[in-house]
Amino acid sequence: MTIDQLARNSIARALPKGMELSHFSVLNLLAHTGDERTPGQLARSFHLTRGAMTNTLSRLEWAGWVHVRPDWDDARKKRVSISPAGRRARDDALAAIAPLIAEVAGRIGAERVRPLLPVLRELRLQLAESEPRDE
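Description of the structure in this document. (Residues numbered from 1 in each chain as written. Predicted model: local features only at pLDDT ≥ 70, side-chain atom pairs only at ≥ 80, totals over all residues. Heavy atoms only, no water.)

As for unusual backbone geometry
Part 1 of the argument: Although it is not a glycine, histidine 47 adopts a positive phi angle of roughly 55°.
Part 2 of the argument: Relative to the elements of secondary structure, histidine 47 occurs in the loop between helix H3 (39–45) and helix H4 (50–62).
Part 3 of the argument: A relative accessible area of 62% means that histidine 47 is categorised as exposed. (Helix = DSSP H or I, 4+ residues; strand = E, 2+ residues; numbered from the N terminus. Buried < 20%, exposed > 50% of the residue type's maximum accessible area, 1.4 Å probe, protein only.)

Next up, the structure:
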């Protein structure tokens with residue numbers, strides 16, 4: 001298995017009951033950005049089809065974790081935002097996975113993990129810059 005698969009499996013097992021990793025990922029992005037996104041923008045952010053993102057958003061909306069509303073400027077589009085319940089669910093998920101991450105980092109050693117953080121942060125920023133911003 002790759003590092004990505006192992007990390008995803010570990011985190012998915014730690015998430016609160018009923019939450020999938022895809023749900024957490026969308027909630028985390030919406031909480032982090034603090035603004036509304038279109039389903040198309042979300043799909044591109046996660047390199048998914050619009051259909052796959054629509055499915056995920058339907059589940060998040062059913063759970064009450066996101067609000068989906070029409071785009072008042074373009075009736076063909078929708079806007080998605082995180083709800084207060086979604087923010088709580090995301091915070092609960094972070095609380096559930098934080099001990100897992102701390103345990104792994106503790107086993108590796110803080111002195112070995114700490115220098116990686118700026119590199120990983122820069123990698124994330126560089127990859128985010130290459131993402132399309134408009135719809």
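Description of the nonpolar core
Part 1 of the argument: Ranked by internal contacts, the top residues of the largest apolar core, which has 20 residues, are Met19 and Leu27.
Part 2 of the argument: For this core, the secondary-structure elements that each account for two or more residues are helix H2 (21–33), H3, H4, strand E2 (78–82) and helix H5 (84–108).
Part 3 of the argument: Of the residues forming this core, the biggest block, six residues, is contributed by H2.
Part 4 of the argument: Residue contacts for leucine 27: discarding those within four places in its chain leaves Met19, Leu60, Trp65, Val66, Ile82, Gly86, Ala89 and Arg90. (Core = buried A, V, L, I, M, F, W, Y, C linked by side-chain atoms within 4.5 Å. Contact = heavy atoms within 4.5 Å.)

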